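Survey of secondary and tertiary structure
Next come the chains, spelled out residue by residue.
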Amino acid sequence: MCTRFVYRGDDIITGFNFDIDLAVWNHQVIEEKNRFYIGILRPDGVRHSYHGVNRNGNVGTLLYVHGNPSGTYQDTADCITIADLTEQFIQAQITFDDALRIAQTKKIVYAPDATMQAMISDRRGRTLVIEPGLGCCEGTGEYSLITNYSLFNPESTRPFIVPGDDRYERAAKLLNGYGSGFTISDAFSVLCAVRQEGPWATRVSFVYSSKENAVYYVQNNHFEQVKKYVFPPF
């Protein structure tokens, strides 16, 4: 369970709620010179940056989704996993234009062991939603928003909606009420409103300001304890 949005106002602001079961995933907030990310420990012993921000303003996040057969993992030259694409973007190995070209020319598939969809965005607010097997779409308007259900084929994931899970609708209603002066505080208000509790609780919430080139974050729903990480100047 996760929620991600990009708001294109006076400042380009992205918000992300990272919701996981601690019995399944081992995570750690990591601050580096060029990256802020939630490091996910994988079987290879590496904490991968599938959710994070690069100093150049690249923001990438993966969100769990119930898979569709068209996105099934394939190990072929004309395929790339959504996990690899997103991590390469966060690591600044590829640009937004590169990611868009890849999404349009290669088959994007799930990782071997997880079905995920992605939202990536750059400092200018350009946003790309990628759903393996279903396609990709650039964001328009004041904001882009995604949760754990398909935007391109809602009927495919509707049977899996958890009763009472209206995070997308609640977040959209809140985002629709803001204007161009959308702030860091507003972003946290939205994330707080759609936070999760229980086994799949919100473990990390972060907000990135393009104007400040800084990440604000809280852990374990302690929204009163905001930490700030400012990227060093180039």
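As a reminder, the structure under discussion sits directly above these lines.
Residues numbered from 1 in each chain as written. Predicted model: local features only at pLDDT ≥ 70, side-chain atom pairs only at ≥ 80, totals over all residues. Heavy atoms only, no water.

**Overview of the pairing of strand β13 (residues 202-209)**
Put simply, side chains in a regular strand alternate between the two faces of the sheet. To keep things clear, this is the line we draw: The cut-offs for exposure are 20% and 50% of the maximum accessible area for each residue type, with area from a 1.4 Å probe on protein chains only; residues under the lower value are buried, those over the upper are exposed, and the others partly exposed. In this description a helix means any DSSP run of H or I spanning at least four residues, a strand means any run of E spanning at least two, and both kinds are numbered starting from the N terminus. When DSSP finds two or more bridges between a pair of strands, those strands are recorded as paired.
Most of β13 is tucked away: eight of the eight residues are buried. Where strand β2 (residues 12-19) and β13 come together, seven bridges link them in antiparallel fashion. Across the sheet, residue Asp-19 finds its bridge partner in β13, namely Thr-202. As judged from the six bridges shared by β13 and strand β14 (residues 214-219), these two strands associate in the antiparallel manner. Residue Val-207 lies in a different strand from β14, and its bridge partner there is Tyr-216.

**So, the sheet that holds strand β12 (residues 143-146)**
Selection rule: Angles here are taken between N-to-C directions and fall from 0 to 180 degrees, while the axes themselves are lines fitted to C-alpha atoms, restricted in helices to the stretch in contact. We call two residues in contact when some of their heavy atoms are within 4.5 Å.
In space, the six strands of this open sheet follow the order β12-β1-β2-β13-β14-β15, with antiparallel pairing throughout. Lying at the two open borders of the sheet, with one neighbouring strand each, are β12 and β15 (227-230). Mean inter-strand twist for the sheet, computed between neighbouring axes without regard to direction, equals 15°. Relative to β15, β14 runs antiparallel, the two being bridged by four bridges. Bridging across to β15, Tyr-216 finds its partner in Lys-228. Contacts from helix α4 (residues 167-176) reach β1 (2-8), β2 and β12, with the element oriented near 165° to β12. Lying over the sheet, helix α5 (residues 184-193) contacts β1, β2, β13 and β14, oriented at roughly 155° with respect to β13.

**Concerning the pattern of salt bridges**
So the rule is basically this: Here, a salt bridge means any side-chain nitrogen of Lys or Arg that lies within 4 Å of a carboxyl oxygen of Asp or Glu.
A full pass over the atoms with the stated rule returns ten salt bridges. Among the salt bridges present, the one from Asp-113 reaches Arg-42, with a minimum N-O distance of 2.4 Å. Placement of Asp-113 in the loop between β8 (107-109) and β9 (116-121) and of Arg-42 in the loop between β4 (35-41) and β5 (47-54) is noted, with a sequence separation of 71 residues between them. Relative accessible area serves as the criterion here: at 17%, Arg-42 is assigned to the buried category. The closest approach of N and O atoms between Asp-166 and Arg-170, which form a salt bridge, is 2.7 Å. Classification of Asp-166 by relative accessible area gives partly exposed; the value is 31%.

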